[in-house]
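# Coordinates in review
Single-letter residue listing:
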Amino acid sequence: MTAPLLQVRDLAKAYRLPRRQLWEPGAEVQALKGVSFTLERGRSLGIVGESGSGKSTLARLVMALEPPTAGQVLFDGTDLHALPPAELRRARAGFQMVFQDPYGSLDPRRKVGQTVAEPLASLTTVPRVEQRERAAAMLDAVGLRSADLDKYPHEFSGGQRQRIAIARALITQPKLIVADEPVSALDVSVQAQVLNLMQDLQDRYGVAYLFISHDLAVIDLVCDHVIVLQQGRVVEEGEADALFAAPQHAYTRRLLEAVPGGGRR
């Protein structure tokens, strides 16, 4: 039996705050408290919650950018945080990330072709000529042109930059993309275009999304299943249609009430 693509088991993360007195240890803050969920292949799981709920901490742990205090992140049945550095580096080709800020996530000194091909150069043995060919193909897939390979990020709009970031995330043909607030920095008129693009790319490549957002309307549009985080804990989860139609937890209802139209699109 094939293992689920992503399994998060009892994940916890504590941070030690700077100490106020030299002779006293700093206070400990629990950012995540026993979070568990499963994401199947080709599906979209939304993680929602207010600022400070632990969403971005969860993203960093799933991406193995930070170690958990407790718990496991299993990708294709393998505990990412138990892998030696060399094996973790090879595994990273299978899961990539799209960040919130399309301006800050692209190096202004590098041409777009270099940026998009960077994961191939650092995580695979694909020859350099093929790297450029695949970068051109990915730009085409996100609605840009191969001629854009030799341009710099400042020559593009915010929405186009996020398309470049998506192309970079997809170039290793990952099974999972973690998208941390990928449209919150974009104009409302551009958000729908980028979200529709991500759905089209999912249909085309079969990639799964772990989609993190404070905006329930965005989650409602793109996700099959939803998990609601409050102060580092899962307070509600379920299929998107059922959860949005009849939320059970008071915190979820409060989040929905803050969205025009009750969170439905």
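The sections below set out a description of the structure shown in this document.

Read from one edge of the open sheet, 6 strands run 6-7-8-3-9-10, paired in mixed fashion. Edge strands, defined here as strands with exactly one partner in the open sheet, are strand 6 (95-98) and strand 10 (233-239). Adjacent strand axes in the sheet meet at a mean angle of 15° when their direction is disregarded. Pairing of strand 7 (residues 176-180) with strand 8 (residues 208-213) involves 5 bridges; the strand directions are parallel. The residue bridging Leu-176 from the neighbouring strand is Ala-208, located in strand 8.

Counting residues in each nonpolar core, the largest one holds 51 residues, and the members touching the most others are Val-116, Leu-139, Ile-164, Ile-166, Leu-201, Phe-211 and Val-226. The leading source of residues in this core is helix 6 (residues 188-205), at 6 residues. Once you skip the residues sitting within four places of it in the chain, Leu-201 turns out to touch Ala-141, Val-142, Ile-166, Leu-170, Gly-206, Val-207 and Tyr-209. Among the nonpolar cores identified, the runner-up in size contains 30 residues, and Val-35, Ile-47, Leu-83 and Leu-210 belong to it.

The next subject is the pairing of strand 7. Across the 5 residues that make up strand 7, a large majority, 5, are buried. Of the two faces of strand 7, the one carrying Leu-176, Val-178 and Asp-180 and the one carrying Ile-177 and Ala-179 are both buried. Looking at chain direction, strand 6 and strand 7 are connected through 4 bridges and run parallel. Within strand 7, the position partnered with Val-98 by the bridge is Ala-179. Crossover handedness for the path strand 7 to helix 6 to strand 8: right-handed.

About the cut-offs
Residues numbered from 1 in each chain as written. Predicted model: local features only at pLDDT ≥ 70, side-chain atom pairs only at ≥ 80, totals over all residues. Heavy atoms only, no water. Pairing = 2+ DSSP bridges. Helix = DSSP H or I, 4+ residues; strand = E, 2+ residues; numbered from the N terminus. Axes fitted to C-alpha atoms, helices over the stretch in contact; angles between N-to-C directions. Core = buried A, V, L, I, M, F, W, Y, C linked by side-chain atoms within 4.5 Å. Buried < 20%, exposed > 50% of the residue type's maximum accessible area, 1.4 Å probe, protein only. Contact = heavy atoms within 4.5 Å. Right-handed = clockwise from strand over helix to strand, strands pointing away.

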